[in-house]
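Topology and contacts: notes
In case you want the letters, here they are:
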Amino acid sequence: MITQEIVTAYQRDGAVLIKGLWRDWVERLREGVEANMANPSPSLMATLKPGEAGRFFDDYCNWSRIPAFEEVIFQSDVADVAAQLMGSDRVQLFHDHVLVKEPGTNKPTPWHTDGPYYFVEGRQTVSFWSPLDPVREASLRCVAGSHLWPRDVLPTRWMSETDFYPGDHDYMPIPDPEAEGMQILEWEMEPGDAVAFHYRTLHGTRGNTTTNRRRAFSLRLVGEDARYVDRPGPTSPPFSGHGMQPGARLREDWFPVLRS
């Protein structure tokens, strides 16, 4: 599944397409998404303002209570794929994420990077974004090489469009990749394909203007060099009461090691 060319592209561009990563797990993941939507967690996020069309279901950190997600995370080949992409024998779970854009949900997911929202830093990170429906117009879009930028991109609150953390900080402004002529990577995808991207990769999606659902399952993993870091305020996900100190690895009872 993973060639040296794919690994080289991941290290260079910060995003690659992995064909068929969860091809054999699509139905199980669909079952998990339906269970999640029927019983959301307290972390369910509001993503649309009043009057905005459609429905965008956005929930995370449910693997321990939804058996389908746990099976895919622990029984599929994803940890071995992550190890090759990151260049790390050790692979540790950070969190899962479900994102469903119903037909007519015109609002795009804004350009952003995940890393600044998290309380973990390191070069060895990877997220897998996998559609559970054929995707043509509402695929993930990634800016090639943005994971190598010298500064992190400003994290914001999408509803209020305000800074995520209070006070002064050294984040770079959110760029406009299309206006600035940046190389945007985007793929047509089949169910079970996955985009693998670095936590620092700038990414977003268009709205779902089609008549079909766009269900996606995402998984965030970290490698050998990932360490806990303090942020200027509560992170997303917050994981309240974790008790970790700066420079420590993520605690293994909360964030299981999938490969070592």
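The shown structure was predicted, so the numbers you read here are calculated from the model rather than taken from an experiment.

The rules we used
- Residues numbered from 1 in each chain as written.
- Predicted model: local features only at pLDDT ≥ 70, side-chain atom pairs only at ≥ 80, totals over all residues.
- Heavy atoms only, no water.
- Helix = DSSP H or I, 4+ residues; strand = E, 2+ residues; numbered from the N terminus.
- Buried < 20%, exposed > 50% of the residue type's maximum accessible area, 1.4 Å probe, protein only.
- Arc of directions from axis to C-beta.
- Contact = heavy atoms within 4.5 Å.
- Pairing = 2+ DSSP bridges.

**Section: unusual backbone geometry**
The omega torsion of the bond from Ser-236 to Pro-237 falls at -5°, within 30 degrees of zero and hence cis. Secondary-structure assignment places Pro-237 in the loop between β14 (227-228) and β15 (257-259). For Cys-61, which is not a glycine, the phi torsion comes out positive at approximately 65°. If you trace the backbone, Cys-61 turns up in the loop between β2 (56-60) and α3 (67-75). In this structure Cys-61 comes out as partly exposed when scored by relative accessible area, which is 26%. Here Phe-239, not a glycine, exhibits a phi torsion of approximately 45°, which is positive. Tracing the backbone shows Phe-239 in the loop between β14 and β15. The exposure class assigned to Phe-239 is buried, which follows from its relative accessible area of 17%.

**With respect to helix α1 (residues 4-13)**
Listed in full, the buried residues belonging to α1 are Val-7, Ala-9, Tyr-10 and Asp-13. With its buried residues spanning 160° around the axis, α1 presents them on a single face. Exposed and oriented more than 90 degrees from the buried face of α1 are Gln-4 and Glu-5. Of the surrounding elements, those touching the buried residues of α1 are β1 (15-18), α4 (78-86), β6 (125-131), β7 (140-143), β10 (184-186) and β11 (194-197). Gly-14 lies just past α1 and shows a positive phi near 80°.

**Description of the pairing of β7**
Burial along β7 is two-sided: the face carrying Leu-140 and Cys-142 and the face carrying Arg-141 and Val-143 are both buried. Judged from the three bridges that link them, β7 and strand β12 (residues 203-205) form a sheet pairing that is antiparallel. The partner of Cys-142 across the bridge, within β12, is His-203. In this sheet, β10 lies alongside β7 in antiparallel orientation, the contact comprising three bridges. Counted as the bridge partner of Val-143 is Ile-184 from β10.

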